[in-house]
Amino acid sequence: MIPEYVKILHGELPDSPGVYFHYDEGGKLLYVGKATSLKKRVGSYFTKAHDARIGELVSKIRRIDYIQTPTVIEALVLEANQIKANEPPYNVMLLDDKSFLYLCLTNDEFPRPVLMRGFDLERLGIKPFERKLSALAKRKFIAVYGPYVSGRSLRTALNLIRRALPWSTCEPPVASEGGVTNPALPRPCFDAQIGKCPGVCTGAINKTAYRKIIKNFQLFFEGKKDRIVKSMRKEMEVAAKQGEFEVAAKLRDELFALEHIQDVALITREDEPSTLPLRDIDTGHINALGRIEAYDIAHISGTSNVAAMTVFENGKPAKDEYRKFRIKGFEGTDDVRAMEEVIRRRFSHDDWPRADLLVIDGGEGQVNRVREVLDEMEIKVPIIGIAKGFDRKQDRLVFDQSNADLRRVAEAFKETLQKVRDEAHRFAGSYHRVLRAQRSGIPKKQNPRA
């Protein structure tokens, strides 16, 4: 319940995405934040327990303003632009400005977006909160956007936007007097095949056309999506009138993608860290744990390295969600390194459902490495490792002992977690046998089932 002394402009807060602004008694802007639901998010400041810094902020709030946005992605963009323009003290205080994430467009022949921390920009001589780019900054970047509070949300947003505004991370073909030093690829890269790259690597797009995509990208992150939509719709109509139906169809698809961005991934990940839904743990219901993902590595003497991910939802195997991985980063035996590769690849898929708990086949080495990777990727998911003993009774659960919730999970569900791990072990072993059979030349019909 928001206290009566706090004045909310424009009436009652809507249950929709947007950006909110906290002001003190003198009208000074204290904090800017984004929300999937303005009503729920703003209300949470006054109904939940907070640490000392947030508590101090809440005690000073006397007025709340807000701007509704059509989508969470647009709220993410608006939040970053407002933080940069106004530098609210509690945004800077609650997260050191040098660790904020910035979205930069490289000053290359074919510009591409890159993500950089504030301290990395400072090493380049660029001030993180710089409103206008200096001469030095302009040599490196054509634009810098941010700061962004949530790196995870920004990465998700970029992944979703790229289907509407495809950019390239490839090197263009380069000719020299002695011939072509970087020849065009014989076929499009994977991103181009799925519509996320316009084909720089094959020479399918020239600089002028590519710069138009980048200009729209800039407009989007300046909060001017309506201008892009209007321009693309006009281009589509002109192309259709001139009989350029392939061009018109491509613009139609990109326009549709832009107007129908499905930001469910952002909605489920926004604001609150991932926590275990523990409402039913005391009564022993496994569905209290939500989506459990288990990981196991399989190999024989370092050959045919593979990994498997199995999924349990509501206490039951969700076999359509199982995934198999071939370890590509190295040869030989290194379960910790293999686990790191798998976790990086799995969590690069922002379109996959969020995990509520990870079960890792392994001890402290694997668990610590997974935790380091998730921290680096700014992903908060609880982890429990299972170190094998002589038999199932000797198995040891490895987790953060200071986390009371995980202790309760370990005590209530050890046997269930072992079963989840065993399923990952079975699935990884099946896949490994298939690969061994293929390498041995066994006819496909004799291969074991994966």
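Source: prediction; values computed, not measured. Per-chain numbering applies: the sequence of each chain, read as written, is numbered from 1 onward. Under the rules for a predicted model, residues below a pLDDT of 70 receive no local features and side-chain atom pairs below 80 are neither given nor counted, while totals for whole chains, interfaces and linings still include all residues. Hydrogens are left out, water is left out, and the side-chain values use all remaining heavy atoms of the structure.

Concerning the sheet that holds strand 4 (residues 63–68)
Right, on to step 1. In this scheme, strands are said to pair when DSSP sees at least two bridges between them. Under the DSSP-based scheme used, a helix requires at least four consecutive residues in state H or I and a strand at least two consecutive residues in state E, with every element numbered from the N terminus. If you trace the four strands from one edge of the open sheet to the other, you get 1-4-2-3, paired in mixed fashion. Sheet topology places strand 1 (7–8) and strand 3 (29–35) at the edges, where each strand pairs with a single neighbour.
Right, on to step 2. Across six bridges, the pairing between strand 2 (residues 18–23) and strand 4 is antiparallel. Paired with glycine 18 across the strands is glutamine 68, a residue of strand 4.
Right, on to step 3. Packing against the sheet, helix 3 (residues 72–86) makes contact with strand 2, strand 3 and strand 4, and its axis sits at approximately 165° to strand 3. Should any heavy atoms of two residues lie within 4.5 Å, those residues are considered in contact. Angles run from 0 to 180 degrees between N-to-C directions of axes, and those axes are lines fitted to C-alpha atoms, restricted for helices to the stretch in contact.

Topic: the pairing of strand 3
Right, on to step 1. When you tally the buried positions in strand 3, you get seven out of seven residues, the bulk of the element.
Right, on to step 2. The pairing of strand 2 with strand 3 spans six bridges and is antiparallel. In the sheet register, phenylalanine 21 faces strand 3, and the bridge partner there is valine 32.
Right, on to step 3. Two successive antiparallel strands, strand 2 and strand 3, enclose a turn made up of five residues, where glycine 27 displays a positive phi of approximately 85°. Relative accessibility thresholds used throughout: buried, under 20% of the residue-type maximum; exposed, over 50%; partly exposed, between the two (1.4 Å probe, protein chains only).

Remarks on the confidence of the model for the chain
Right, on to step 1. pLDDT is a residue-level measure of predictor confidence that goes from 0 to 100. On average, residues of the chain carry a pLDDT of 80, and 81% of them reach 70 or more.
Right, on to step 2. Scored below 50 in pLDDT, residues 277–285 makes 19 contacts in the model with residues more than four places away or belonging to other chains.
Right, on to step 3. Residue range residues 444–450 is modelled with pLDDT below 50. Its contacts to residues more than four positions away, or to other chains, number 14 contacts.

Observations regarding helix 7 (residues 151–161)
Right, on to step 1. For helix 7, the tally of buried residues reaches eight of eleven residues, placing the bulk of the element in the interior.
Right, on to step 2. Within helix 7, the full set of buried residues consists of Gly151, Arg152, Ser153, Leu154, Thr156, Ala157, Leu158 and Ile161.

Considering the packing of helix 9 (residues 207–221) against helix 10 (residues 225–241)
Right, on to step 1. Two elements in contact, helix 9 and helix 10, have axes separated by 7 Å at closest approach and are oriented at 145°. Residue-level inspection shows Lys212, Asn216, Leu219 and Phe220 of helix 9 in contact with helix 10, the latter providing Lys225, Arg227, Ile228, Met232 and Glu235.
Right, on to step 2. Here the contact of helix 9 with helix 10 is composed, by residue class, of four nonpolar, one polar and four charged. Gly is placed with the polar residues, together with every amino acid not listed as nonpolar (Ala, Val, Leu, Ile, Met, Phe, Trp, Tyr, Cys and Pro) or charged (Asp, Glu, Lys and Arg).

With respect to the environment of phenylalanine 46
Right, on to step 1. When you line up the elements, phenylalanine 46 lands in the loop between helix 1 (38–44) and helix 2 (52–60).
Right, on to step 2. Each C-alpha atom, one on phenylalanine 46 and one on serine 59, is 9.5 Å from the other, the two residues being 13 residues apart in sequence.
Right, on to step 3. Non-local contacts of phenylalanine 46, meaning those with residues more than four positions away in its chain, are made with Met1, Ile2, Pro3, Val6, Val58, Ile61 and Ile64.

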